[in-house]
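So the chains spell out like this:
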Amino acid sequence: MPGRLRIAVVAVGLAALTAVLAPLQLLAMRFDWPVARRLPFLWHRVAARLCGMRVHVRGKPAAGRPLLIAANHQSWADIVALGSVMPLSFIAKSEVGTWPVFSVLARLQRTVFVTRGERRQTGQQAASIAERLRTGDVMVLFAEGTTSDGNRVLPFKTALFGAAQAALRGAGQDRVLIQPVAVAYTQAHGLPLGFHGRPLAAWPGHVALMPHLLAFLRCGAVDVEVSFGAPVEFSEGSDRKIVARLCEAGVRAMLEASLYGRHPQESIAKHGDGT
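Residues numbered from 1 in each chain as written. Predicted model: local features only at pLDDT ≥ 70, side-chain atom pairs only at ≥ 80, totals over all residues. Heavy atoms only, no water.

- Looking at an unreviewed UniProt entry, the chain carries the name Lyso-ornithine lipid acyltransferase, with the source organism given as Aureimonas altamirensis DSM 21988.
- Under the UniProt heading Pathway (unreviewed entry), the entry covering the chain gives this text: "Lipid metabolism." (UniProt positions renumbered as here; feature names shortened; annotations may be inferred.)

## Some remarks on the nonpolar core
As a rule of thumb, nonpolar side chains are buried together in soluble globular proteins.
And step 1. In this structure, M53, I69, L82 and V226 are the most contacted members of the largest nonpolar core, which totals 47 residues.
And step 2. Among all residues touching V226, those that are not within four sequence positions of it are V55, H56, V57, R58, A81, L82, V85, V181 and A182.
And step 3. In this structure, A126, V153, A182 and M254 belong to the second largest nonpolar core, which totals 34 residues. (Core = buried A, V, L, I, M, F, W, Y, C linked by side-chain atoms within 4.5 Å. Buried < 20%, exposed > 50% of the residue type's maximum accessible area, 1.4 Å probe, protein only. Contact = heavy atoms within 4.5 Å.)

## Structural notes on the pattern of salt bridges
And step 1. Enumeration over the complete set of coordinates arrives at nine salt bridges.
And step 2. Between R134 and E131 there is a salt bridge, with its nearest N and O atoms 3.0 Å apart. Highlighted residues: R134 and E131, both in helix α5 (residues 119-134), separated by three residues, approximately one helical turn.
And step 3. You can call R134 partly exposed: its relative accessible area is 31%.
And step 4. Using a relative accessible area of 40% as the deciding quantity, one classes E131 as partly exposed.
And step 5. The partner of R132 in a salt bridge is D137, with the nearest N and O atoms 2.7 Å apart. In this structure, R132 and D137 share a single accessibility class: buried.
And step 6. Several salt bridges share partner residues, and in doing so they unite R37, R110, R132 and D137 into one network. (Salt bridge = Lys/Arg side-chain N within 4 Å of Asp/Glu carboxyl O. Helix = DSSP H or I, 4+ residues; strand = E, 2+ residues; numbered from the N terminus.)

## Considerations on the state of the cysteines
And step 1. Under the definition given, this model contains zero disulfides.
And step 2. Unpaired in this structure, C51 has its nearest cysteine sulfur neighbour in C219, at a distance of 11 Å.
And step 3. Classification of C51 as buried rests on a relative accessible area of 4%.
And step 4. The exposure class assigned to C219 is buried, which follows from its relative accessible area of 13%. (Disulfide = S-S within 2.5 Å.)

## Some remarks on the layout of surface pockets
The method is simple in principle: a probe with the dimensions of a water molecule rolls over the atoms, and the space it marks as empty is what remains.
And step 1. Estimated volume of the largest pocket: approximately 970 Å³.
And step 2. Residue lining of the largest pocket: 38 residues in total, with W76, I79, W99, F102 and L209 positioned closest to the centre.
And step 3. Of all elements in the fold, only α1 (3-30), α2 (38-51), α3 (77-83), β3 (89-93), α4 (102-108) and α8 (209-219) reach the threshold of two or more residues within the lining of the largest pocket.
And step 4. Considering every element that reaches the lining of the largest pocket, the biggest residue donor is α8, with five residues.
And step 5. Residues belonging to the lining of the largest pocket are distributed by class as follows: 26 nonpolar, ten polar and two charged. (1 Å grid on protein atoms, 1.4 Å probe; cavity = no way out; pocket = protein on both sides within 12 Å on 5 of 7 lines; lining within 4 Å. Points joined across faces, edges and corners; volume = space filled by probe spheres on them. Nonpolar A, V, L, I, M, F, W, Y, C, P; charged D, E, K, R; others polar.)

The structure is reproduced here in structure tokens:
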């Protein structure tokens, strides 16, 4: 399918999908219906297929709750990839709440917005995330605090790992699970992306969003690996900095395994056909 036609099909498809699901999601959020967690999952499953993303899953999401996912971050596409795997919500920088279109989608996904770098607000922001964890929502923390080029994992910021500490208070549980998750863009049209090819999916902050978005959609067949690592138990006596370093090391190892084919032989689940 020609690039421009593909972009038009994706735009019309996503608009129609949103028009159908958004009113239902607004009602579900207004009346706190459990389906409010499932509708964004459905949206992402369809969106991934429309965008040509073939999502391959290694490992399994932790079954226990509360569950905080600590993931690497490369672009807006991470949200679609992760959101298509399981029902979850995201923690995003406050600027996203001002972006046209993206802000509406983020709010419909029940995103928690945070202001990074504002130490005075860290406790309040962690408390907001903790409340969602206590109610059973799986929250995704992009722990690098920014986007990378897709070839490496940047150092994890530790402040919002404090949400796990806050979630213990009043939760009636003795631990919160923090699961490292790696998102890796490995192929386009069946060919390895390679070091210089991964910017097709990665969106570093200095790159304009719209040209990057159009180039990704024009491609129409990108393979993504989402790898779930072993959960780390966070208890009352845990050190958030140590836990953050453990998660960072786990994500880095899984990303390298995906990018360089170092996974042990095992079956993987996948969805999306890129057509």
